[in-house]
Amino acid sequence: MSNLSHTGRDMASHPDVSEMRDRYARMLGGRDVALVDAPVFLVGLYCAISPWVLHFTTTQPTLATHNLIMGIAIAALGLGFTVMPERMYGLSWAICAMGIWTILSTWIVGSSPDLSIVLNNVIIGGLTVLLGLACAAVSMKSGKRTV
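Residues numbered from 1 in each chain as written. Predicted model: local features only at pLDDT ≥ 70, side-chain atom pairs only at ≥ 80, totals over all residues. Heavy atoms only, no water.

Caption draft 1: Looking closely at the overall build of the protein. Scanning the protein from N- to C-terminus turns up six helices and zero strands. If you list the helices and strands of the protein from N to C, you get α-α-α-α-α-α. Evaluated residue by residue, the protein yields a buried proportion of 37% over its 147 residues. Long-range pairs, those at least 24 residues apart, make up 67% of the contacts in the protein between residues at least 6 apart in sequence. Of the roughly 9,000 Å² that the protein leaves accessible, carbon and sulfur atoms contribute 70%. (Helix = DSSP H or I, 4+ residues; strand = E, 2+ residues; numbered from the N terminus. Buried < 20%, exposed > 50% of the residue type's maximum accessible area, 1.4 Å probe, protein only. Contact = heavy atoms within 4.5 Å. Areas by Shrake-Rupley, 256 points an atom, 1.4 Å probe, with all protein chains shown as cover.)

Caption draft 2: Representation of the nonpolar core. Counting 16 residues, the largest nonpolar core has Val40, Phe81, Ile95 and Cys135 as the members making the most contacts within it. Elements with a minimum of two residues in this core: α2 (34-53), α3 (61-83), α5 (92-108) and α6 (115-146). Once residues within four sequence positions are removed from consideration, Ile95 is found in contact with Val40, Leu77, Phe81, Thr128, Gly132 and Cys135. (Core = buried A, V, L, I, M, F, W, Y, C linked by side-chain atoms within 4.5 Å.)

Caption draft 3: Expanded view of the packing of α3 against α5. Orientation of α3 relative to α5, taken along the N-to-C sense of each, is 165°, at an axis distance of 11 Å. Classified by the angle between their axes, α3 and α5 sit roughly antiparallel to one another. Handedness of the α3/α5 crossing: left-handed. In this structure, α3 contributes Leu63, His66, Met70, Ala73, Ile74, Leu77 and Phe81 to the contact, and α5 contributes Ser92, Ile95, Met98, Trp101, Thr102, Ser105 and Thr106. Looking at the contact of α3 with α5 residue by residue, the classes come out as nine nonpolar, five polar and no charged. (Axes fitted to C-alpha atoms, helices over the stretch in contact; angles between N-to-C directions. Parallel < 35°, antiparallel > 145°, perpendicular 65-115°, else oblique. Left-handed = near helix turned anticlockwise from the far one by under 90°. Nonpolar A, V, L, I, M, F, W, Y, C, P; charged D, E, K, R; others polar.)

Caption draft 4: The arrangement of unusual backbone geometry in detail. At His55, a position not held by glycine, the phi torsion is positive, near 60°. Mapped onto the fold, His55 is located in the loop between α2 and α3. Notably, Ser112 is not glycine yet its phi reads approximately 45°, a positive angle. Counting through the fold element by element, Ser112 comes out in the loop between α5 and α6.

Caption draft 5: Fine view of the environment of Asn120. Note on placement: Asn120 falls in helix α6. C-alpha separation for the pair Asn120 and Leu54, spaced 66 residues apart in sequence, amounts to 8.6 Å. Apart from residues no more than four positions distant in its own chain, Asn120 is found in contact with Tyr46, Ser50, Leu54, Phe56 and Asn67.

Now the structure itself:
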């Protein structure tokens, strides 16, 4: 049976201590996106519930379903930035594309939407594009730092 007690030993003598310190520093350095991931999640959450907030589920059922799906996708990206930021940086530009599509889909998916629906999707899409650009800027900055 092996001895699992660690009396008299500290982490300084561990053979991989320098690699662990470097990994920890990289993870802390990758949290620049922390200022952006919560707003991305909240915009996605609002996009998902906006058909029920503005009551256009009966007049625009396809657009309501579209907003629900897009909102869940945007919120999932926001959660992804929180959980694993270094792996999600590559999807920063996808957030911008989703924002542009949210703006355009008002007229493509919807059928003659009224002004409140148009303003809702344009504001959600604009915020999503701005947050996507912020995520992309952070990813470019952190990419230059690690090279």
